[in-house]
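Observations on the three-dimensional arrangement
Chain by chain, the residues run as shown.
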Amino acid sequence: MNISSSELRNKILALYPEIEKFDMELVTEFSDEKGSWIITLVKNGETLFTHLENDDALECIEGQKCFYLENQIMGFMDAYCNSSNACSV
């Protein structure tokens with residue numbers, strides 16, 4: 001199954017509504033060089049870059065949580081959002 005960038009982005013946003021709640025920018029793009037998805041979160045100039053293997057991305061699309069990505073997102077929120085209150089609504 002081929003995954004589109006918008007399909008993966010929409011699924012991540014559906015699984016992790018905190019991204020939109022805290023007004024973060026989310027970018028998904030496939031890197032042919034790395035053979036994996038590059039996921040970028042941006043909030044007030046702070047940026048998290050992480051990757052998601054294609055198999056993991058497929059699991060996300062099929063309705064399972066993206067466990068590795070969830071750890072990254074929650075780590076970003078803990079380190080940046082929660083400690084600085086920069087992500088308050």
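Below you will find a few notes about this structure. Fair warning: this is a prediction, and the values are worked out from it, not measured in the lab. Chains are numbered independently. Their residues run from 1 in the order of the written sequence. Note on the predicted model: pLDDT of at least 70 is required for a residue's local features to be given, and 80 or more for side-chain atom pairs to be given and counted; whole-chain, interface and lining totals, by contrast, use all residues. The side-chain values count all of the structure's non-hydrogen atoms but skip hydrogen atoms and water molecules.

What follows covers the sheet that holds strand S3 (residues 46-53). Pairing is antiparallel in the open sheet, where three strands are placed in the order S1-S2-S3. Here the strands that pair on one side only, and so sit at the sheet edges, are strand S1 (25-31) and S3. Between one strand and the next, the sheet's axes are offset by a mean angle of 20°, whatever the strand orientation. Bridge analysis of S1 against strand S2 (residues 36-43) gives seven bridges, and the strand direction is antiparallel. Across the sheet, the residue bridging to Glu29 is Ile38, located in S2. Any two residues having at least one pair of non-hydrogen atoms within 4.5 Å are treated as being in contact. For helices, the fitted axis covers only the stretch in contact; all axes are lines through C-alpha atoms, and the angles between them, taken along N-to-C directions, range from 0 to 180 degrees. Each helix corresponds to a stretch of at least 4 residues labelled H or I by DSSP, and each strand to a stretch of at least 2 residues labelled E; elements are numbered beginning at the N terminus. Contacting S1, S2 and S3, helix H1 (residues 5-15) crosses the sheet at an angle of about 140° to S1. Along the sheet, helix H3 (residues 54-61) contacts S1, S2 and S3; its crossing angle with S3, the most-contacted strand, is approximately 95°. One bridge is not enough; two strands pair if DSSP finds at least two bridges between them.

Further remarks concern unusual backbone geometry. If a residue is not glycine, its phi is most likely negative; likewise, a peptide bond is most likely trans. You will see that Asp23, though not glycine, has its phi angle at about 55°, which is positive. Mapped onto the secondary structure, Asp23 falls in the loop between helix H2 (18-21) and S1. Working definition: with a 1.4 Å probe on protein chains only, accessible area under 20% of the residue-type maximum means buried, over 50% means exposed, and in between means partly exposed. Under the relative-accessibility criterion, Asp23 is labelled exposed at 61%. Residue Asn44 is not a glycine yet carries a positive backbone phi of 50°. Mapped onto the fold, Asn44 is located in the loop between S2 and S3. Residue classification places Asn44 among the exposed residues on the basis of a relative accessible area of 58%.

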